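These are the residues of each chain, in order.
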Amino acid sequence: MEGGLWNIANLVTLAVVFFSTTWAAVDTDDVITRDEQIFLLSQAMRHCQTEIAAHKSKWKQRPSNGSICPPQWDGITCWPQGSHNQVVSVLCPDYIFDFNHQGFAHRRCGSLGMWLQVPGANRTWANYSECVTLVSAGERNEEKKMFERLRMIYTVGYSISLATLLIALCILCYFKRLHCTRNYIHIHLFTSFICRAGSIFLKDAVLYSREDEGTPGDEAGDFETSRVTEVHWAGCKAAVTLFLYFLATNHYWILVEGLYLHSLIFMAFLSDRSYFWALTIIGWGLPAVFVSVWASVRVSLADTQCWDLSAGHMKWIYQTPILGATLINFILFLNIIRVLASKLWETNTGKLDPRQQYG
């Protein structure tokens, strides 16, 4: 009966850890990289060119009085046709990340069927003033203070977590009576969370290390700054990759906890040594595989500065396996709940007093 109590305790622990970390499995992106912006612009350009070609095909047989300005792509927005002396207004494009998407851009169609030109320049006039979001220095300072407060909060939280995990790890390693397969798995889980906290501190140290540094003005100083910047970005990429790896190991060691608890309930004969090594490969090995694949793809297709910003759909290379591990763990959790509920039901229908079993 003590084994049953241990299984229930492990189940409760697994549920708490599982539900407390599920929401952090996939990071949300509220930024966009240069490559993403270029890709969105190229998509919009192709779509606009298709519309312009369709418009030309539709109107090529009709006579033109020369008073209609043709549709046009100006590098930012796809403008529809306009009538003479008409101001054409379109919504600010939503594929430009920094634009005010509630504003309008404006153009004027001249009396001769030509878009109004900028005086003294060979380019078409357009007014994007409503699209440009201007942020004052005071607002920027407020945002910076807010991010600094958030950084301080999660730094304190991770520091407390790191200290408690180190204490728990020392206890499990020091007392030999606690040495068993179940606690070995706990040790690996705690270690992965410790490494995650350490990787966050390392990532922050690298990201903010050159925040307030100046740059020399002479040529030798510029060369030295460029070389140091390359080293800085290389260290930043390594720190971000380590953070993603340990983030993935957190979820895979939680999966290992679920697999081991599931095996205790459903398998009567189990070779602890071989099974433990298989679980170790799952916990440390699988995350290394898909994070390495992500890093290889990133360095080949989107090697821009530090890798802390999103690079479009590349994030799903590591987020999909994390979500898969979370889903499998949830299915195991439901199956364990089902089995325990059925056993409790059998106990109650057997006219046994459950209190006597634990007396």
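A quick note: this is a predicted structure, and the numbers were derived from the prediction, not measured.

Enquirer: Any chance you could explain the overall build of the protein chain here in plain terms?
Expert: In terms of regular secondary structure, the protein chain is built from 8 helices and 6 strands. The helix and strand sequence of the protein chain, counted from the amino end, reads α-α-β-β-β-β-β-β-α-α-α-α-α-α. Burial statistics for the protein chain: of 359 residues in total, 33% are counted as buried. Looking at the protein chain alone, contacts between residues at least 24 apart form 66% of all its contacts between residues at least 6 apart. Within the structure as shown, the protein chain displays about 22400 Å² of accessible surface, and the carbon and sulfur contribution to it stands at 64%.

Enquirer: Sorry if this is basic, but what is going on with the UniProt feature "transmembrane region" (unreviewed entry) in the protein chain here?
Expert: Mapped onto this structure's residue numbering, the UniProt feature "transmembrane region" (unreviewed entry) falls at residues 152-175, 252-270, 275-296 and 316-337. Secondary structure over residues 152-175 splits into 96% helix and 0% strand, and the C-alpha atoms at its two ends are 35 Å apart. Annotation note: span residues 316-337, helix share 100%, strand share 0%, distance between end C-alpha atoms 31 Å.

Enquirer: Got a minute to help me understand the side chain of Thr77 in this structure?
Expert: For Thr77, the position within the fold is in the loop between strand E2 (72-73) and strand E3 (78-79). Within polar-contact distance, the side chain of Thr77 engages the side chain of Tyr128 at 3.0 Å.

Enquirer: Sorry if this is basic, but what is going on with helix H7 (residues 316-349) here?
Expert: Since one α-helical turn is 3.6 residues long, residues separated by three or four positions face the same way. With 34 residues, H7 ought to run about 50 Å at 1.5 Å a step, and its terminal C-alpha atoms sit 48 Å apart, in line with that. Among the residues of H7, those classed as buried are Tyr318, Gln319, Pro321, Ile322, Ala325, Thr326, Asn329, Leu332, Phe333, Ile336, Val339 and Thr347.

Enquirer: Could you clarify how one ought to interpret the packing of aromatic side chains in this entry?
Expert: What characterises a pair of aromatic rings is the spacing of the ring centres plus the angle enclosed by the ring planes. In total, this model carries 11 aromatic pairs according to the counting rule given. With a centroid separation of 6.1 Å and 65° between ring planes, the pair formed by Phe276 and Trp277 is classed as edge-to-face. On the basis of relative accessibility, which here comes to 14%, the residue Phe276 falls in the buried class. A relative accessible area of 53% means that Trp277 is categorised as exposed.

Enquirer: What am I meant to see in the nonpolar core here?
Expert: Grouped burial of nonpolar side chains is what soluble globular proteins tend to show. If you look at the biggest cluster of nonpolar residues, it comprises 25 residues, and the most contacted ones within it are Val240, Leu244, Phe290, Trp294 and Tyr318. Sorting elements by how many residues they give to this core places helix H5 (residues 219-266) first, with 11 residues.

Enquirer: Explain the state of the cysteines here, please?
Expert: Note on terminology: a disulfide is the covalent bond linking the sulfur atoms of two cysteines. Inspection of the entire model under this criterion finds 4 disulfides. Between the sulfur atoms of Cys69 and its disulfide partner Cys109 the distance amounts to 2.0 Å. Across the S-S bond of Cys69 and Cys109 the torsion is about 90°, and the bridge reads as right-handed. In this pair, Cys69 is assigned in strand E1 (residues 68-69) and Cys109 in strand E6 (residues 104-109), connecting sequence segments 40 residues apart. In this pair, the class of Cys69 matches that of Cys109, namely buried. Note that Cys236 is cross-linked by a disulfide to Cys306, the S-S spacing being 1.8 Å.

Enquirer: How should I be thinking about unusual backbone geometry in this particular structure?
Expert: What is expected of a backbone is that most residues other than glycine have negative phi and most peptide bonds are trans. A positive phi angle is found at Asn85, which is not glycine, with a value near 60°. Relative to the helices and strands, Asn85 is located in the loop between strand E4 (82-83) and strand E5 (86-91). Note on Asn85: relative accessible area 52%, which makes it exposed.

Enquirer: What is the right way to look at the environment of Cys92 in this model?
Expert: Mapping Cys92 onto the fold places it in the loop between E5 and E6. Distance in space between the C-alpha atoms of Cys92 and Val132 is 9.1 Å, their sequence separation being 40 residues.

Enquirer: Please clarify how a nonpolar patch on the surface should be interpreted in this entry.
Expert: There is a patch of nonpolar side chains on the surface, built from Met146, Phe147, Leu150, Met152, Ile153, Val156 and Ile160 and spanning about 710 Å² of accessible area. Counting through the fold element by element, Ile153 comes out in helix H3 (residues 137-174).

Enquirer: Looking at this structure, how should I read the environment of Phe190?
Expert: Relative to the helices and strands, Phe190 is located in helix H4 (residues 181-207). A sequence separation of 25 residues divides Phe190 from Leu165, and the C-alpha atoms of the two residues are 6.1 Å apart. What Phe190 contacts, discounting residues up to four positions off in sequence, is Leu165, Ala168, Leu169 and Leu172.

Enquirer: What should I look at first to understand the confidence of the model for the protein chain in this one?
Expert: Low-pLDDT stretches of the model should not have their predicted coordinates read in fine detail. For the protein chain, the average pLDDT comes to 78, and 74% of its residues sit at 70 or higher. For residues 1-30, every residue scores under 50 in pLDDT, and the model assigns this stretch 47 contacts once sequence neighbours within four places are set aside. Counted against residues more than four places away or in other chains, residues 214-225, with its pLDDT under 50, gives 6 contacts.

Thresholds, definitions, all that
Residues numbered from 1 in each chain as written. Predicted model: local features only at pLDDT ≥ 70, side-chain atom pairs only at ≥ 80, totals over all residues. Heavy atoms only, no water. Helix = DSSP H or I, 4+ residues; strand = E, 2+ residues; numbered from the N terminus. Buried < 20%, exposed > 50% of the residue type's maximum accessible area, 1.4 Å probe, protein only. Contact = heavy atoms within 4.5 Å. Areas by Shrake-Rupley, 256 points an atom, 1.4 Å probe, with all protein chains shown as cover. UniProt positions renumbered as here; feature names shortened; annotations may be inferred. Polar contact = N/O pair within 3.5 Å; in protein donor to acceptor, adjacent residues only side chain to side chain. Expected span 1.5 Å × (residues − 1). Phe/Tyr/Trp six-rings, centres within 6.5 Å; stacked < 30°, edge-to-face > 60°. Core = buried A, V, L, I, M, F, W, Y, C linked by side-chain atoms within 4.5 Å. Disulfide = S-S within 2.5 Å. Patch = residues over 30% accessible without salt bridge, like charges linked within 9 Å, V, L, I, M, F, W, Y side chains within 5 Å. Salt bridge = Lys/Arg side-chain N within 4 Å of Asp/Glu carboxyl O. pLDDT = per-residue confidence, 0-100.

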